[in-house]
Amino acid sequence: MAEERLQKILARAGLGSRREAEALIAQGRVKVNGVTATLGMKADPERDQITVDGHPIPRPVSQFTYIILNKPQDVLSDHALHEKRRTVYDLVPFPGHLFVVGRLDYESEGLILLTNDGELANRLTHPRYGKEKEYRVLVAKRPDEEQLEAWRHGVVLPDGRRAAPAEVTLEGVVREGAWLRVVMCEGRKREIREIGRTIGLPVKRLIRTRIGPIELGKLKPGEWRHLTSEEVQRLRAYAMSDSPGSVSKRPRRVKTRG
């Protein structure tokens, strides 16, 4: 394999954007064959030993894989030490390491992407890029307009942090509460549940239905499939765009097959 700039190799391995990889190099945290790397250095990821903080980076893959999964409830989104509960990796028996794009908490369900494309995974998950994720949320009470407006404008959470604005639409009322459609460009851990609890709308069920241009479609809980080449092209174009996802300028959707 030909030599490439080190920051490009690190980004492809899922260690951040190229700019963040440059910061790792500038901080002296990257070594190539035991020698501290410098900005502008090139390396061959197949031949050279590249480490960050003393840990080898993942070996390069010859072909990227992109998988969509409908995560059921009561399944973990990632590996955990000394944990016997099922994970998404138990549902998708793929050889080699896959990054989880769009982790969901244990109780939540819906669309997750799995890929060995580290750069794309970072672009879709890091909050700084503001990529859209859409959810159907069942709340325990019927919301009033004041609660919906608070959610739309950004709620101050108990830890003092203000959640980013979101698009929130009332989809329907049920006996035990109401279904909401929520589109967010931030999506920090358990944020939707924290917002609901803060404004008096406890979340009873949470289903992710879309990440960027990719929709859950008719996949049943526990089912998965590879993305089509067209879906991959649209997803990469969306992820690599410098423009953040926007609730006011939504990307063109790609409907997934069941």
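As a starting point, this report considers the structure included with it. Note that the structure is a prediction, hence the values are computed from the model and not measured. (Residues numbered from 1 in each chain as written. Predicted model: local features only at pLDDT ≥ 70, side-chain atom pairs only at ≥ 80, totals over all residues. Heavy atoms only, no water.)

## So, the overall build of the protein chain
Alright, step 1. Looking only at helices and strands, one finds seven helices and 15 strands in the protein chain.
Alright, step 2. In the protein chain, of all internal contacts separated by at least 6 residues, the share reaching a separation of at least 24 is 67%.
Alright, step 3. When the accessible surface of the protein chain is totalled, it reaches about 13500 Å², and 49% of it is carbon and sulfur.
Alright, step 4. Across the protein chain, the centroid of the 47 positively charged side chains sits 2 Å from that of the 35 negatively charged ones. (Helix = DSSP H or I, 4+ residues; strand = E, 2+ residues; numbered from the N terminus. Contact = heavy atoms within 4.5 Å. Areas by Shrake-Rupley, 256 points an atom, 1.4 Å probe, with all protein chains shown as cover. Lys, Arg positive; Asp, Glu negative; His and termini not counted. Charge placed at Lys NZ, Arg CZ, Asp CG, Glu CD.)

## Topic: the pattern of salt bridges
Alright, step 1. Summed over all chains, the structure comprises 23 salt bridges.
Alright, step 2. In this structure, D78 engages R103 in a salt bridge whose closest nitrogen and oxygen atoms are separated by 2.5 Å. Here D78, found in the loop between strand 7 (66-71) and helix 3 (88-91), pairs with R103, found in the loop between strand 8 (99-101) and strand 9 (109-115); they are 25 residues apart in sequence, far enough to count as distant.
Alright, step 3. For R152, the salt bridge identified is with E149, shortest N-O distance 2.5 Å. Placement of both R152 and E149 in helix 5 (residues 145-153) is noted, with a separation of three residues, approximately one turn of the helix. (Salt bridge = Lys/Arg side-chain N within 4 Å of Asp/Glu carboxyl O.)

## A word on the packing of helix 4 (residues 118-125) against helix 7 (residues 229-240)
Alright, step 1. Axis separation between helix 4 and helix 7 bottoms out at 9 Å; the angle between their running directions is 60°. As summarised for this structure, helix 4 and helix 7 are arranged oblique, according to the angle between their axes. Crossing angle aside, the handedness with which helix 4 passes helix 7 is left-handed. Mapping the contact onto sequence places E119, L120, R123 and L124 in helix 4 and L235, R236, Y238, A239 and M240 in helix 7.
Alright, step 2. In terms of residue class, the contact of helix 4 with helix 7 is made up of six nonpolar, no polar and three charged. (Axes fitted to C-alpha atoms, helices over the stretch in contact; angles between N-to-C directions. Parallel < 35°, antiparallel > 145°, perpendicular 65-115°, else oblique. Left-handed = near helix turned anticlockwise from the far one by under 90°. Nonpolar A, V, L, I, M, F, W, Y, C, P; charged D, E, K, R; others polar.)

## Observations concerning the side chain of E186
Alright, step 1. Mapped onto the elements, E186 comes out in the loop between strand 12 (177-184) and helix 6 (191-198).
Alright, step 2. Engagement of the side chain of E186 in a polar contact is seen with the backbone nitrogen of A164, the distance being 3.4 Å. (Polar contact = N/O pair within 3.5 Å; in protein donor to acceptor, adjacent residues only side chain to side chain.)

## Details of the packing of aromatic side chains
How two aromatic rings sit relative to each other is given by the distance of their centres and the angle of their planes.
Alright, step 1. The tally for this structure, following the rule as stated, stands at one aromatic pair.
Alright, step 2. The interplanar angle of 65° and the centroid separation of 6.4 Å between the aromatic rings of F64 and Y66 together place this pair among those described as edge-to-face.
Alright, step 3. Stacked on the ring of Y238, the Lys or Arg K131 has its end atom at 4.9 Å from the ring centre.
Alright, step 4. Sitting over the ring of W179, R136 keeps its end group 4.1 Å from the ring centre. (Phe/Tyr/Trp six-rings, centres within 6.5 Å; stacked < 30°, edge-to-face > 60°. Lys NZ or Arg CZ within 6 Å of the ring centre and 35° of its normal.)

## Considering the pairing of strand 11 (residues 167-174)
Consecutive residues of a regular strand have side chains that alternate between opposite faces of the sheet.
Alright, step 1. Strand direction decides the pairing type here: strand 11 and strand 12, joined by seven bridges, are antiparallel. In the sheet register, V173 faces strand 12, and the bridge partner there is A178. (Pairing = 2+ DSSP bridges.)

## What to know about the environment of I112
Alright, step 1. Tracing the backbone through its elements, the reader meets I112 in strand 9.
Alright, step 2. What makes I112 buried here is its relative accessible area of 0%.
Alright, step 3. The spacing of I112 and V30 is 82 residues in sequence and 31 Å in space, taken between C-alpha atoms.
Alright, step 4. Those residues in contact with I112 that lie beyond four places of it in its chain are I67, I68, L69, K71, S77, V88, V100, V101, G102, L104 and R208. (Buried < 20%, exposed > 50% of the residue type's maximum accessible area, 1.4 Å probe, protein only.)

The analysis is restricted to geometry; functional conclusions fall outside its scope.
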